[in-house]
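Coordinates in review
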Amino acid sequence: MRVKSKSILSCVSPSIYMFNDFEDFLNFCKYLKNNTSFKLKKSVLYKYNSKYYLCINIDNLDIFKSVHYLISEFGIHINSSGLFERKLAEYGKIVFETNAINNCMKYFN
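Calculation criteria
- Residues numbered from 1 in each chain as written.
- Predicted model: local features only at pLDDT ≥ 70, side-chain atom pairs only at ≥ 80, totals over all residues.
- Heavy atoms only, no water.
- Helix = DSSP H or I, 4+ residues; strand = E, 2+ residues; numbered from the N terminus.
- Buried < 20%, exposed > 50% of the residue type's maximum accessible area, 1.4 Å probe, protein only.
- Contact = heavy atoms within 4.5 Å.
- Areas by Shrake-Rupley, 256 points an atom, 1.4 Å probe, with all protein chains shown as cover.
- Pairing = 2+ DSSP bridges.
- Axes fitted to C-alpha atoms, helices over the stretch in contact; angles between N-to-C directions.
- pLDDT = per-residue confidence, 0-100.

1. Quick look at the overall build of the chain
Tallying secondary structure elements over the chain gives five helices and five strands in all. When the elements of the chain are put in sequence order from the N terminus, they spell out α-β-α-β-β-α-β-α-β-α. The buried share of the chain, reckoned over its 109 residues, is 39%. Look at the contacts in the chain between residues 6 or more apart in sequence, and 79% of them connect residues 24 or more apart. For the chain, the accessible surface area stands at approximately 6,900 Å², while carbon and sulfur atoms represent 51% of it.

2. Quick notes on the sheet that holds strand β1 (residues 15-19)
Here we have five strands laid out as an open sheet, ordered β4-β1-β3-β2-β5, and antiparallel in their pairing. Single-partner strands in this sheet number two, and they are β4 (76-78) and β5 (93-96). Within this sheet the neighbouring strands show an average axis-to-axis angle of 35°, counted without direction. Alignment of strand β2 (residues 43-48) against strand β3 (residues 51-56), held across six bridges, turns out to be antiparallel. Note on β3: the bridge partner recorded for Y46 is Y53. In this fold helix α3 (residues 61-71) packs onto β1, β3 and β4, with an angle of close to 15° to the strand it touches most, β1.

3. A short note on the confidence of the model for the chain
In this model, the chain carries a mean pLDDT of 82, and residues with pLDDT of at least 70 account for 83%. Here residues 1-11 scores under 50 on pLDDT; set against residues more than four positions off or in separate chains, the count is nine contacts.

4. Examining unusual backbone geometry
The phi dihedral of N49 falls on the positive side, at around 50°, and the residue is not glycine. Inspection of the secondary structure puts N49 in the loop between β2 and β3. On the accessibility criterion, N49 (58% relative accessible area) is exposed. In this structure, N99 is a non-glycine residue whose phi angle is positive, near 50°.

What follows is the structure, encoded as C-alpha cells:
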C-alpha cells in the first residue's frame with residue numbers, strides 16, 4: 001500500500017525531463033502526436049545551460065506512466081524535480097510557458 005501512495009504522489013508533483021537539444025524535444029512531440037490520443041496541457045519548456053527541460057504535471061497515474069516511458073526514449077528524468085523546477089524558473093529561459101508539447105506540435109509540425 002505504501003508504494004502505491006508514493007506512485008500517486010510522484011504523478012501529482014511536477015516531473016522534469018532533460019533533452020540534449022531542441023531536436024530531441026521536437027522528436028518526442030512528433031512521436032507523441034502520432035502514437036497517443038491524450039493531450040498534455042500542463043507543461044512548460046525551459047532552456048538552461050544549452051539543454052531543454054520539460055516540466056509537466058499529470059494528475060492521472062496511467063497517463064503519467066505512459067508519458068514517463070515515452071519520454072524516456074528521448075530525454076532523461078531529473079530527480080529532485082521540485083528543487084530543480086525553482087532553479088529553472090529563476091535562471092532558465094522559458095521557451096513555451098504553457099502547453100509546451102501542444103504548442104511545439106502546432107508550430108513545428
